[in-house]
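Below, each chain spelled out in residue letters.
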Amino acid sequence: MSNEATPSVQPAAAAARNIASYIDHTLLKPEASEADVLKACAEAAEYGFKSVCVNPVWVKTVKKALKGSGVLTCSVVGFPLGATPTDVKTFEARGAVLDGADEVDMVINIAAARADDKGALTEDIASVAEAVHASGAILKVIIETSLLSDSQKVLACEAAVAAGADFVKTSTGFNGGGATAEDVALMRRTVGPELGVKASGGVRSLADAQAMIAAGATRIGASSGIAIVKGEQGSSAY
């Protein structure tokens, strides 16, 4: 009987290890302490997550803690509302990459998306992209799907492509709703095979993560990363 059980266990373990490489281990709570951040870094190194994603104030700490681990440092810009002027987002992004961020996740001007103003969206994203790419980092663009219609989601994704972004991302996890397989599939169809698609917000289990990847996601943003790779159910909303 033990020989019969082995094939079912091994693929599950392999699937969990593979999922870990998709995960941005996320800690964006404003009350997070240095101890919390260092714990997240240690977890990311232990489980082999793709990156640790934190607020800009922690980028230097994370970069130092992750040195030699192979785990990337990720920061957010214009987070979580996206309602700061473009020059402020650009300044924030430039500071994040100078502090050591390998990746930057920016929130779009959501009001512009809801107004169908593709030009304003493209300008906003392009300015941040230029600052991020100047330091060799990559840019993910959070479109906040829960606040947009399908046509507005498409518009925002098209703006991200036009502006030279590297990824589009579903959600901040702070404005209601989160990633759905339907939204991920829509975003993948819109951006094509060249850009990454990051599913974030409410991804709490291995099944959730697998569904997002099947729909076209190439990255998963989650604070429940450990639960996901263990095949457990996470409780955090992000």
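As shown above, the structure is provided for reference.
Residues numbered from 1 in each chain as written. Predicted model: local features only at pLDDT ≥ 70, side-chain atom pairs only at ≥ 80, totals over all residues. Heavy atoms only, no water.

(A) Structural detail: the packing of aromatic side chains. Taken as a whole and assessed by the stated rule, the structure comprises two aromatic pairs. An angle of 20° between the planes, with centres 5.8 Å apart, marks the rings of Tyr 47 and Phe 49 as stacked. Take Tyr 47: its relative accessible area is 25%, and that puts it in the partly exposed class. For Phe 49, a relative accessible area of 3% corresponds to the buried category. Look at Phe 79 and Phe 174: their rings are 5.2 Å apart centre to centre, the planes differ by 80°, and that puts the pair in the edge-to-face class. Here Phe 174 lies in the loop between β6 (167–169) and α8 (181–191) and Phe 79 lies in the loop between β3 (72–77) and α4 (86–99), a separation of 95 residues in the sequence. The residue whose ring lies beneath Lys 140 is Phe 167, and the NZ or CZ to ring-centre distance is 5.9 Å. (Phe/Tyr/Trp six-rings, centres within 6.5 Å; stacked < 30°, edge-to-face > 60°. Buried < 20%, exposed > 50% of the residue type's maximum accessible area, 1.4 Å probe, protein only. Helix = DSSP H or I, 4+ residues; strand = E, 2+ residues; numbered from the N terminus. Lys NZ or Arg CZ within 6 Å of the ring centre and 35° of its normal.)

(B) Highlighting the pattern of salt bridges. Under the criterion given, the structure shown has 15 salt bridges. Asp 24 is the partner of Lys 198 in a salt bridge, and the nearest nitrogen-oxygen pair spans 2.7 Å. Residue Lys 198 is located in strand β7 (residues 196–200), and its partner Asp 24 is located in strand β1 (residues 23–27); the two are separated by 174 residues in the primary sequence. By the burial criterion, Lys 198 is buried, and Asp 24 matches it. Lys 63 is paired through a salt bridge with Asp 102; the nearest N and O atoms lie 3.0 Å apart. One end of the pair, Lys 63, is in helix α3 (residues 59–65); the other, Asp 102, is in the loop between α4 and β4 (103–107), and 39 residues separate them in sequence. Residue class for Lys 63 comes out partly exposed when judged on its relative accessible area of 32%. For Asp 102, a relative accessible area of 24% gives the class partly exposed. Via salt bridges that share partners, Asp 24, Glu 103, Asp 105, Lys 140, Lys 169, Lys 198 and Arg 219 belong to a single interconnected network. (Salt bridge = Lys/Arg side-chain N within 4 Å of Asp/Glu carboxyl O.)

(C) How the structure looks around the pairing of β3. Counting buried positions along β3 gives five out of six residues, so the element sits mostly inside the fold. At this point the chain moves from strand β2 (residues 51–54), through α3, to the parallel β3, and the crossover so formed is right-handed. With four bridges connecting them, β3 and β4 associate as parallel partners. Looking at the pairing, Cys 74 lines up with Glu 103 of β4. (Right-handed = clockwise from strand over helix to strand, strands pointing away. Pairing = 2+ DSSP bridges.)

(D) Summary view of the environment of Gly 78. Turning to its location among the elements, Gly 78 is positioned in the loop between β3 and α4. The spatial distance from the C-alpha of Gly 78 to the C-alpha of Ala 93 is 8.9 Å, given a sequence separation of 15 residues. Those residues within four positions of Gly 78 in sequence are excluded, and the remaining contacts are Thr 84, Lys 89, Glu 92 and Val 107. (Contact = heavy atoms within 4.5 Å.)

(E) Expanded view of the side chain of Thr 73. Relative to the helices and strands, Thr 73 is located in strand β3. Thr 73 gets classed as buried once you look at its relative accessible area, which sits at 1%. If we ignore the near neighbours within four places in the chain, the residues touching Thr 73 are Val 52, Val 59, Val 62, Lys 63, Leu 66, Gly 100, Ala 101, Asp 102 and Glu 103.

(F) Region of the structure containing the packing of α4 against helix α6 (residues 118–134). Running from N to C, α4 and α6 point in directions that differ by 20°, and their axes come no closer than 8 Å. The pairing of α4 with α6 is recorded here as roughly parallel in orientation. Classified by chirality, the crossing of α6 by α4 is right-handed. Every residue of α6 that contacts α4 at Thr 86, Lys 89, Thr 90, Ala 93, Arg 94 and Val 97 is listed here: Glu 123, Asp 124, Ser 127, Val 128, Ala 131 and Val 132. Here the residues of the contact of α4 with α6 sort into five nonpolar, three polar and four charged. (Axes fitted to C-alpha atoms, helices over the stretch in contact; angles between N-to-C directions. Parallel < 35°, antiparallel > 145°, perpendicular 65-115°, else oblique. Left-handed = near helix turned anticlockwise from the far one by under 90°. Nonpolar A, V, L, I, M, F, W, Y, C, P; charged D, E, K, R; others polar.)

(G) Helix α2 (residues 34–47), seen in detail. Helix length check: α2, at 14 residues, gives a terminal C-alpha distance of 20 Å against a target of 20 Å (1.5 Å per residue), a fit within 8%. Within the span of α2, buried status applies to Val 37, Ala 40, Cys 41, Glu 43 and Ala 44. Projected onto a plane normal to the axis of α2, the buried residues spread over an arc of 165° and lie on a single side. For α2, the exposed residues set more than 90 degrees away from the buried face come down to Ala 35, Lys 39 and Glu 46. (Expected span 1.5 Å × (residues − 1). Arc of directions from axis to C-beta.)

(H) Fine view of the state of the cysteines. Within the structure shown, the criterion is met by zero disulfides. Looking at the unpaired Cys 157, the closest cysteine sulfur is the one in Cys 74, lying at 18 Å. Overall, the relative accessible area of 0% leaves Cys 157 in the buried class. (Disulfide = S-S within 2.5 Å.)

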